[in-house]
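The primary structure of each chain is shown beneath.
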Amino acid sequence: MKYTAKCWHRGVIACVALGAVILPSWAHATDWTRESSWGSLANELRVSPTGDLWAATASAGLQKSADAASTWSSASAGFAIEHFHALAFDSLMPLRALAGSGDQLLRTTDGGATWATVAGNFGIVNDVAFHPGALGHAYLGTDVGVWKSVDGGSTWIQQTAGVGPAVVRSLAMHPTDPNQLIVGTELGAYKTVNGGTLYSLKLTGMTHVRDPVITASQITSGNPSIVLIGCWDGVFRSTDAGETWSASTGVPATFVHQIVETSGRIHAVTTSGIYASTDSGATWTQSVATPSKSLAEPGGSLVASTTSGEIIRSTDGGATWNSATAVGGADCHSLAPGGGSSDSVYGVVTDGHGGNWRVVERDSSGTWSAIDLGSPEYRQPQHVSPDATDGDRLDVVSSGPYRKSYILSTADGGSTWTSAQLDWPNPFWCFDFVTSSADADRAMLALYPVGVTVDVNFVYVRDASTGVWSERSPLSRGVDSYFIHAVAIRDATPEELWAAGSTDPFDETTGMVALSTDGGSTWSDTAAGSITKPVISLELDGASGSTIFVGTAGAGVWSSVDGGTTWSQKGLTTATIHDLYLDTTSTPHHLYAATDAGVRYSTNGGSTWVQLGTALSSDNVRSVTVADDHVYAGTRGRGIWIIDTP
């Protein structure tokens, strides 16, 4: 099937809106070229004492740039950790830094050449800070309070007197006195004047529309009596070292991610854009309206990360902004060609761990843009399935209001949408979504219920005559529990449904390929234990009517040429095959496999394989499709790539 895309994840993350991204048309090449500019979300941008710009990213690890975000390189090589959300440098020891990843704290003493994990039960590390004038003094803000180090981060002592084990979101250090600290927590702002021995809550003047969660804080260097904090409701300002507060004018009641001081300015980085102040936060003006996450000033330029995974840069103090090079690349779990005479390609991309899901489309001119799903409530699109014959019809599976799962459908190219809620009380993670090429009203989903302790997942089928979705799972609740990763519909006979996976969600040794010839009412397991690893991708040869290809998690590609009666292994014998795509427009047919080491293709039904291009030969490719004589690859952490068909 040409409209199948697979995924090997179970996380549920939120999505935010993204505007159009205009890219130059792609020129023909014999190797892969990156198509999309969406990158990994930079949770934290910092300038090191040596002048490099660093980014703690959601899915591309630690990255650094020596040219103010024109180019990036990995700064956490050798670590499997991909998600970082806190980073700080010791200005008194330029090669020393601390980085937070979940409940892990990492430390380097050689400028990032090597990193070591610091022992400790810190909870989630939300913020890290070195004092600029006291050698070795550092603080952590975590989900279990504040931690302090006086030896550069080697050892830590938890400090809870007065603040308790509160969730700490931000830290603001006095520029000259290492004993004074403003701590932003989920209960409000706390202050210490004795190095954390005792904290006191400071809420006088704080008026919140929603709650007192303090998400950002900054003590100004020019006048330490002026303290700024950010929350869900904008910026609050104190002129008496945090004793009393008043709402700051000029920044709306919006979520504040960061307050940062640069040369001559204070910046509030918010979901409503970036605001700048030249009078220590007394007044503000909007610098850019793009929802942003973090900001830094490398070499005189301002560089900001947006909540959509882009990097923007200003060389005139924030008066104008332009796109810079994104950090890493977006994850792409789903790719599919448009229907009818359309040259479009559709995909679902995300910055990885942390959010920002969107459906994107590439038109015939090479322009990629995000698709408006009709309501900001549908914040987590997971798979996209176009109609094979009608370029204006498109289905998207997404989490929506109250974390329920919905099928969103458009018949006019996205101008208007309808939604259908699936009859399950919990949100789903969608492993696969396919539409029949013969009848677009017939479709299938493989879904995993999130937040529910079950040993199975579900297959839903849309009835072609009524449009109603209903469960048609090839499983039982007893001993024979199946876990479905991939689904397919036979073009010539839409009542013929296929579902593939494993016999148990934790089973790593037995694959399952189930067949239904009556629209999902009854099923039989055709593989019967003969496939030695879980099946995670599935492709039917619609022309032959009896050939099935499956990709496994660690045992390569298998096929059956007799409708599932017998199975044989077909090469790439130890590879994980995240996606399969059969291009029936080529002669002979080309079978493409998305693997952890790039894209491979076969012209003889999988007996032998050839590496396609070299630029992705060491990359984790999650999805692959063909459109308009081009092959598209969706990667984990490096965006979407394109190459000529071989």
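As a reminder, the structure under discussion sits directly above these lines.
Residues numbered from 1 in each chain as written. Predicted model: local features only at pLDDT ≥ 70, side-chain atom pairs only at ≥ 80, totals over all residues. Heavy atoms only, no water.

A. Up close: the pattern of salt bridges. Taken as a whole and assessed by the stated rule, the structure comprises 13 salt bridges. Note that D90 is salt-bridged to R96, the shortest N-O span being 2.7 Å. A residue is classified by how much of its surface remains accessible, and R96, at 11% relative accessible area, is buried. Linking R442 and E495 is a salt bridge whose minimum nitrogen-to-oxygen distance equals 2.8 Å. Highlighted residues: R442 in the loop between β38 (428–435) and β39 (443–449) and E495 in the loop between β42 (483–489) and β43 (497–502), separated in sequence by 53 residues. When its relative accessible area of 37% is taken as the criterion, E495 is described as partly exposed. Sharing partners across several salt bridges, the network here consists of K191, K202 and E243. (Salt bridge = Lys/Arg side-chain N within 4 Å of Asp/Glu carboxyl O. Buried < 20%, exposed > 50% of the residue type's maximum accessible area, 1.4 Å probe, protein only. Helix = DSSP H or I, 4+ residues; strand = E, 2+ residues; numbered from the N terminus.)

B. View of the side chain of K202. Relative to the elements of secondary structure, K202 occurs in strand β17 (residues 200–202). When its relative accessible area of 15% is taken as the criterion, K202 is described as buried. Only 2.9 Å separates the side chain of K202 from the side chain of E243, close enough to count as a polar contact. Those residues in contact with K202, other than ones at most four positions away along the chain, are A189, K191, G242, E243 and W245. (Polar contact = N/O pair within 3.5 Å; in protein donor to acceptor, adjacent residues only side chain to side chain. Contact = heavy atoms within 4.5 Å.)

C. Spatial organisation of empty space enclosed by the protein. Scanning all chains against the criterion turns up two cavities of 30 Å³ or more. A volume near 50 Å³ is recorded for the largest cavity. Lining the largest cavity, in full, are H174, Q180, L181, I182, K191, I219, P224, V227 and A241. Taken together, the residues of the lining of the largest cavity sort by class into six nonpolar, two polar and one charged. Every residue lining the second largest cavity is listed: S385, P386, D387, R393, L394, D395, T435, A440 and R462. Elements that contribute at least two residues to the lining of the second largest cavity include exactly β34 (380–386) and β35 (394–399). Its residues assigned to classes, the lining of the second largest cavity comprises three nonpolar, two polar and four charged. (1 Å grid on protein atoms, 1.4 Å probe; cavity = no way out; pocket = protein on both sides within 12 Å on 5 of 7 lines; lining within 4 Å. Points joined across faces, edges and corners; volume = space filled by probe spheres on them. Nonpolar A, V, L, I, M, F, W, Y, C, P; charged D, E, K, R; others polar.)

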